[in-house]
Protein chains: 2
Amino acid sequence: MEPCFLTASEAATRIRDGKLTSEALIRSCIERIEARDPQVKAWLHLDKGKAIATARELDKRPAMGALHGLPFGVKDMIDTADMPTTYNSPVFQGYRPARDAACVGVARLSGAVILGKTDTVEFASAGRRAATRNPKNLAHTPGGSSSGSGAAVGDRQVQLAFGTQTGGSHIRPASFNGIYGLKPTWGSVSREGAKQYSNMLDTIGWYGRSVDDLALVASAFRLHDVGGIAAPELSTLKVAICRSPFWSKIEPAGEKAFDIACERLKQAGVTLVELTLPAPFDGMVEAQNTIMMGEGRASFLDAALEFGDRLHQDFHDRANNKLGITPEKMIAAYDLAADCRRAFEALYVDFDVVLTPAAPGEAPEGSYNTGNHIFNAMWTLLHVPCLGIPCTTGPKGLPVGVQIVAPRFDDARLLAMAAVLAPVIDLETPHYSADA
Amino acid sequence: MEPCFLTASEAATRIRDGKLTSEALIRSCIERIEARDPQVKAWLHLDKGKAIATARELDKRPAMGALHGLPFGVKDMIDTADMPTTYNSPVFQGYRPARDAACVGVARLSGAVILGKTDTVEFASAGRRAATRNPKNLAHTPGGSSSGSGAAVGDRQVQLAFGTQTGGSHIRPASFNGIYGLKPTWGSVSREGAKQYSNMLDTIGWYGRSVDDLALVASAFRLHDVGGIAAPELSTLKVAICRSPFWSKIEPAGEKAFDIACERLKQAGVTLVELTLPAPFDGMVEAQNTIMMGEGRASFLDAALEFGDRLHQDFHDRANNKLGITPEKMIAAYDLAADCRRAFEALYVDFDVVLTPAAPGEAPEGSYNTGNHIFNAMWTLLHVPCLGIPCTTGPKGLPVGVQIVAPRFDDARLLAMAAVLAPVIDLETPHYSADA
């Protein structure tokens, strides 16, 4: 089997055991990219020569860290010192930061090989969309704004990639591309060197092809207690089924996937309980939008002044507060979010983890509409860790996933639970095991 | 009179009226710097030639914005594309970012002339201290971490400068240097390109020599409603005297300055009411420390991995969570802060603005101890705008100020109130008016 089809953790084990070189793995990924990317268009920049040279160096030395020798894609709103960083914006073509973003630095210093930059919605916000197509059906979006990272991991072009989430930009593409994704607790990974949209929301996450892949990266970022929590017994787990206050936006494919996930858990002996969130949570999606747009004023002011007409109108609208967001609305949104954070965690008495939709359904057709973040925005604003798990495919043959959610800073426990829940939920996604 | 002694708003008026050129202003500041800075050591980098050339260009063209032709100092933990950015760290000597931080971009695009970079505590956090001395007495600290910006403005070397506050790094140096400072509402100025310490706390602010100076910069940053609120009648104002839960840490000089400020306001016909904050506020300084240190884990991880032994132990301690901050403590701190934000604003019924100490007393002796942030940390965590006003001098002849505080996003109202309160409070600071 071609190494590009291994999961990151399988590849890591083989590299550690001397059964695979980083160079062979990187070369295999590059071959896959060369074969597939002319259609998928996941990458804005690829540095094959540098990646192979780095892999060779890594093959000669002792392991640097958890990600030793593994390829990594970087969403192109995250700075890299040795590659252009365009934010997929016409006004930043050819821009080259002087320093890696903090998350890229941690990945490299943990042994990762940065393959290249993946396409994104402009500034991970609005304006220009990624050119990326959904690898499962090129007529559809891979989701956004982490479009290229989601598609590249989904298409087996790379094992790991960074995405970010301000609304639903990380977990929704995980669902649309049939892959695993972790959006860790807000604040637990440095955003330095990633384009800023919203202080209160922006969160860096990563994609992988298994729960182990997500845990591997989490260990590189030293998330609290990662590796220190044993996988629970499946039969002891209580999963809260949360259709969320936004269930009316679910599509048939999303509903079916959610029902399938519930049924599979039930069959596996997991206890399911229904979770209806209290009324204040109804306002959380509007609060997320208020905060995102309101904080966007400051985030795009310098670009609005600098680039004038060359900057997409979407960003002028934010800098000029076109929506007329008032201080009163901002304060109400911040305070509601704080109340709901506390209320959500207080609910964690009768269950261990929340299961909730990751997206309304399959990926929409076309490339402008990257999908609706209605099933993600609340969780982003709650600052809680969210883990996307593939589940099934919809009527158009496109993946539909679900997500599980834990209280703030319970990333390690979420990963431990995912390790036993994912094999039950994710039965249909083509899986290429090390022994295939 | 030398132009360097003008306030920024006085200089702006003269430039607008054709009575002063930007070049003459910049040259005057440079002369002052050359005479004074060998002792004060406020600047880590100064680009005289570039500043004069920029001023000349600005003198030839119509006004770019509110800051047209005015000199600006930039705390050296904020990126500048045309000057080194060292973060006052041995590991970043000679570092030169590819792009201006957002706040520097906004200043330049509003017509400011960036004179140079001012010294700071390493990464505006810990480790190495600034070499800067207090211009009023070289044996004392100018405060920190905005050491060089505070001293440069206080010493009449430059009219305006950026500082930042995570604990008390902006308002405390304002007090120690006898200058005005605004720490705006959290999130209302982009932090992109400023070294990150804490997501929930880091706030960019600016120093000036009058309330008008602060308002001028606030208008460049388009803070909500700036310029749209008329100055209130002094006799209609109700000021809440808040000694804060940390009053036991006040020093005699701080107590005297606070009493003087209260007495002056009373004499001027301002109504004073006592404000005792409810018990939960007692925990706010500890909560601020928990969040700062807890979020510092992620902020310094990449540097800890990259620089190893070359990085100051203080940052390894943060990355390694030496304090053993638990998720439970982080959550409790976040939730307490949210409660207190709401509770603080609910108090704003019986008064218009809060008057509270800006620092315990005069600037401490030496350069290692930059002073205690005990009278600042709570307000930073509350996300409210704080405005430092000079008041008097202590027994050692060093300045002692006070601060006024308003609810979140009430920056414009705070500036309008400061415009009438400051002339009453600030009687002793040597003031060089345009007509002097």
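A quick note: this is a predicted structure, and the numbers were derived from the prediction, not measured.

About the cut-offs
- Residues numbered from 1 in each chain as written.
- Chains lettered and ligands numbered in written order.
- Predicted model: local features only at pLDDT ≥ 70, side-chain atom pairs only at ≥ 80, totals over all residues.
- Heavy atoms only, no water.
- Least-squares fit on C-alpha atoms with pLDDT ≥ 70 in both.
- Contact = heavy atoms within 4.5 Å.
- Phe/Tyr/Trp six-rings, centres within 6.5 Å; stacked < 30°, edge-to-face > 60°.
- Lys NZ or Arg CZ within 6 Å of the ring centre and 35° of its normal.
- Helix = DSSP H or I, 4+ residues; strand = E, 2+ residues; numbered from the N terminus.
- Polar contact = N/O pair within 3.5 Å; in protein donor to acceptor, adjacent residues only side chain to side chain.
- Pairing = 2+ DSSP bridges.
- Axes fitted to C-alpha atoms, helices over the stretch in contact; angles between N-to-C directions.
- Buried area = accessible area lost by both parts, 1.4 Å probe.
- Salt bridge = Lys/Arg side-chain N within 4 Å of Asp/Glu carboxyl O.
- Nonpolar A, V, L, I, M, F, W, Y, C, P; charged D, E, K, R; others polar.
- Buried < 20%, exposed > 50% of the residue type's maximum accessible area, 1.4 Å probe, protein only.

Chemist: Just checking my understanding: could you explain the relation of the copies chain B and chain A for this structure?
Modeler: A rotation about some axis, followed by a shift along it, carries one copy of the chain onto the other. Superposition record for chain B on chain A: RMSD 0.0 Å, screw rotation 180°, translation along axis 0.0 Å. Here the copies are linked by what is in effect a two-fold axis. Considering only C-alpha atoms, the part of chain B nearest the rotation axis is B:A98, at 2.6 Å. Of the interface residues in chain B, 100% have counterparts in chain A that sit at the interface too, so the contact is made through matching surfaces.

Chemist: Would you explain the packing of aromatic side chains in this entry?
Modeler: Each aromatic ring pair is characterised by the separation of its centres together with the angle its planes make. All names here are of chain A. Scanning all chains against the criterion turns up 38 aromatic pairs over all chains. Relative to F92, the ring of Y87 has its centre 4.9 Å away and its plane inclined at 75°; by these criteria the two rings are edge-to-face. By way of ring pairs, the aromatic residues Y87, F92, Y95, F123, Y197, F300, F307 and F315 are connected into one cluster. Above the plane of the ring of Y368 lies R129, whose end atom (NZ or CZ) is 3.9 Å from the centre. A cation sits over an aromatic face here: K195 above Y87, 5.5 Å from the ring centre.

Chemist: In this structure, what is going on with the side chain of A:N199? I would like to understand it.
Modeler: Summarising the element assignment, A:N199 is placed in the loop between β5 (180–183) and β6 (203–208). Here B:R191 takes part through its side chain, which lies 3.4 Å from a polar atom of the side chain of A:N199.

Chemist: What is the right way to read the sheet that holds β5(A) from this model?
Modeler: Pairing between the strands of a sheet comes from backbone hydrogen bonds, and it takes one of two forms, parallel or antiparallel. Residue and element names in this part refer to chain A. Strand order in the open sheet formed by 11 strands is β1-β3-β2-β4-β6-β5-β10-β11-β9-β7-β8, with mixed pairing between adjacent strands. A single partner strand is all that each edge strand has here, and the edge strands are β1 (43–46) and β8 (271–274). Shown here is a sheet whose adjacent strand axes are inclined to one another by a mean of 30°, direction ignored. As paired strands, strand β7 (residues 238–241) and strand β9 (residues 353–357) are joined by 3 bridges and run parallel to one another. Residue V239 lies in a different strand from β9, and its bridge partner there is V353.

Chemist: Where do I start with the interface of chain B and chain A in this structure?
Modeler: Much of the literature gives interface size as the accessible area that the parts lose upon coming together. Listed per partner, the contact involves 49 residues of chain B and 49 residues of chain A. Of the roughly 4,600 Å² buried between chain B and chain A, counting both surfaces, carbon and sulfur atoms make up 54%. When the buried surface of chain B facing chain A is broken down by residue, B:R99, B:E192 and B:R222 rank first, second and third, together holding 15% of it. Across the chain B-chain A interface, the total number found is 12 salt bridges. Here A:E306 ties to B:R99 by a salt bridge, and the two come within 3.1 Å at their closest N and O atoms. At the boundary of chain B and chain A, one finds 22 residue pairs in polar contact (both at pLDDT 80 or more). Of all the secondary structure elements, the ones that give two or more residues to the side of chain B that touches chain A are α4 (102–109), α9 (284–299), α10 (301–307) and α12 (327–347) of chain B. In terms of residues, the side of chain B that touches chain A owes the most to one element, α12(B), which gives 10 residues. Taken together, the residues that form the side of chain B that touches chain A break down as 25 nonpolar, 9 polar and 15 charged.

Chemist: Got a minute to help me understand helix α4 (residues 102–109) of chain A in this structure?
Modeler: Residues three or four positions apart in an α-helix share a direction because the helix packs 3.6 residues into each turn. When you tally the buried positions in α4(A), you get 6 out of 8 residues, the bulk of the element. For α4(A), every residue scored as buried is listed here: A:A102, A:C103, A:V104, A:G105, A:V106 and A:A107. Each element contacted by the buried residues of α4(A) is listed here: β2 (71–75), β3 (113–118), β4 (160–165), β6 and α7 (211–220) of chain A together with α10 of chain B. Directly after α4(A), the chain includes A:G111, whose backbone phi takes a positive value near 100°.

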